[in-house]
Amino acid sequence: MRLTYALPLPVVALAVAASALAGCGSTHAPAPPAAVTATAPAPAESNPAGDIPDNQAYVTYRSGPGAFTLKVPEGWARTDAANGDVTFTDKLNRIALHTSTAAAPATVQSVNASVVPALRGQVPGFTAGKTTTVTRPAGQAVLYTYQGDGPADPVTGKAVRDSFERYAFFHAGHETALTLSGPVGADNVDPWRTVTDSLRWQ
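Basis of the calculations
- Residues numbered from 1 in each chain as written.
- Predicted model: local features only at pLDDT ≥ 70, side-chain atom pairs only at ≥ 80, totals over all residues.
- Heavy atoms only, no water.
- Pairing = 2+ DSSP bridges.
- Helix = DSSP H or I, 4+ residues; strand = E, 2+ residues; numbered from the N terminus.
- Salt bridge = Lys/Arg side-chain N within 4 Å of Asp/Glu carboxyl O.
- Core = buried A, V, L, I, M, F, W, Y, C linked by side-chain atoms within 4.5 Å.
- Buried < 20%, exposed > 50% of the residue type's maximum accessible area, 1.4 Å probe, protein only.
- Contact = heavy atoms within 4.5 Å.
- Polar contact = N/O pair within 3.5 Å; in protein donor to acceptor, adjacent residues only side chain to side chain.
- 1 Å grid on protein atoms, 1.4 Å probe; cavity = no way out; pocket = protein on both sides within 12 Å on 5 of 7 lines; lining within 4 Å.
- Points joined across faces, edges and corners; volume = space filled by probe spheres on them.
- Nonpolar A, V, L, I, M, F, W, Y, C, P; charged D, E, K, R; others polar.
- Arc of directions from axis to C-beta.

Turning our attention to the sheet that holds strand β2 (residues 68-73). With respect to topology, three strands assemble into an open sheet ordered β1-β2-β10, the strand pairing being antiparallel. If you trace the sheet from one side to the other, it starts and ends with β1 (58-62) and β10 (200-201), each paired once. Bridging between β2 and β10 involves two bridges; their strand directions are antiparallel. When the sheet's bridge partners are listed, Thr-69 is paired in β10 with Arg-200.

This is the structure:
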């Protein structure tokens, strides 16, 4: 004869609880936090001394003798000399205009023979450059490039090394010498081209 024994209810409840705990016994370690990648700030833009801003505005200057107009950077200081020379300056950059009567246009040979020796005696630290002919909307011009020392700083007494571009234009018996200068290494190719391209005879 087969005998069946019934377990008391408290014993059954304990068995069920033990089984549930056994199923939940394994624990998982929390996932490590995601790595944080730091982004370095973009380096600040650094322009060489004397760089004319790309957004520089220009105004029209109208001459007396020689009858021409020229675009010059807005806000630059203007100085008129007794001999008729006009200069525009801003910090380390300079635009100089000198107009004189002339029987014929300048040539590479005439600039090398007369202008270069004169500049050698006038410009501190003068270093000779190259003489070429170029074409602009106002016509052909003789371009002479050279280097020299700019005006000394009134506080430190130090002078900045400058690059010069001297253009000799001719029209109706007048030669207009347009000289652009700024610190060596400054990227003013586009501004200087804007100025020289803007010359118009009146």
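Resuming the write-up.
Attention shifts here to the pattern of salt bridges. Applying the stated criterion to the full structure yields six salt bridges. Three or more residues are tied together by salt bridges with common partners; here these are Arg-136, Arg-193 and Asp-197.

Leu-70, Phe-88, Ile-95, Phe-169 and Leu-178 are the most contacted members of the largest nonpolar core, which totals 22 residues. Those elements that provide at least two residues to this core are β2, β4 (86-90), β5 (93-101), β7 (139-152), β8 (159-171), β9 (174-183) and α3 (189-197). Take this core: its biggest share by element is three residues, from β2. Not counting residues up to four positions away in its chain, the partners in contact with Phe-88 are Tyr-61, Val-72, Trp-76, Ala-77, Arg-78, Asn-93, Arg-94, Ile-95 and Leu-97.

Looking now at the side chain of Asn-188. By secondary structure assignment, the location of Asn-188 is in the loop between β9 and α3. A polar atom in the side chain of Asn-188 sits 3.3 Å from the side chain of Asn-93. When residues no more than four places from it in sequence are discounted, the contact partners of Asn-188 are Gly-50, Asp-51, Ile-52 and Asn-93.

Right, let's get into the pairing of β9. Of all 10 residues in β9, nine are buried; the element is thus mostly enclosed. The pairing of β5 with β9 spans eight bridges and is antiparallel. Counted as the bridge partner of Ile-95 is Leu-180 from β9. For β8 and β9, the ladder comprises 10 bridges, and the chain directions are antiparallel. Within β9, the residue paired with Ser-163 across the bridge is Gly-182.

Here we take up the layout of surface pockets. A probe as big as a water molecule, rolled over the atoms, marks out the empty space that is left. Estimated volume of the largest pocket: approximately 840 Å³. Taken together, 34 residues line the largest pocket, and the ones lying closest to its centre are Arg-94, Ala-96, Pro-151, Phe-164 and Ser-181. Elements with a minimum of two residues in the lining of the largest pocket: β4, β5, α2 (108-122), β7, β8 and β9. When the residues that make up the lining of the largest pocket are grouped by side-chain class, the tally is 17 nonpolar, nine polar and eight charged.

A few words now on α3. Considered for burial, the residues of α3 that qualify are Pro-191, Trp-192, Val-195 and Thr-196. The arc that holds every buried residue of α3, seen down its axis, measures 130°, which confines them to one face. Away from its buried face, by an angle of more than 90 degrees, α3 presents the exposed residues Val-189 and Asp-190. Where α3 is buried, its residues meet β1, β2, β5, β6 (127-136), β8 and β9.

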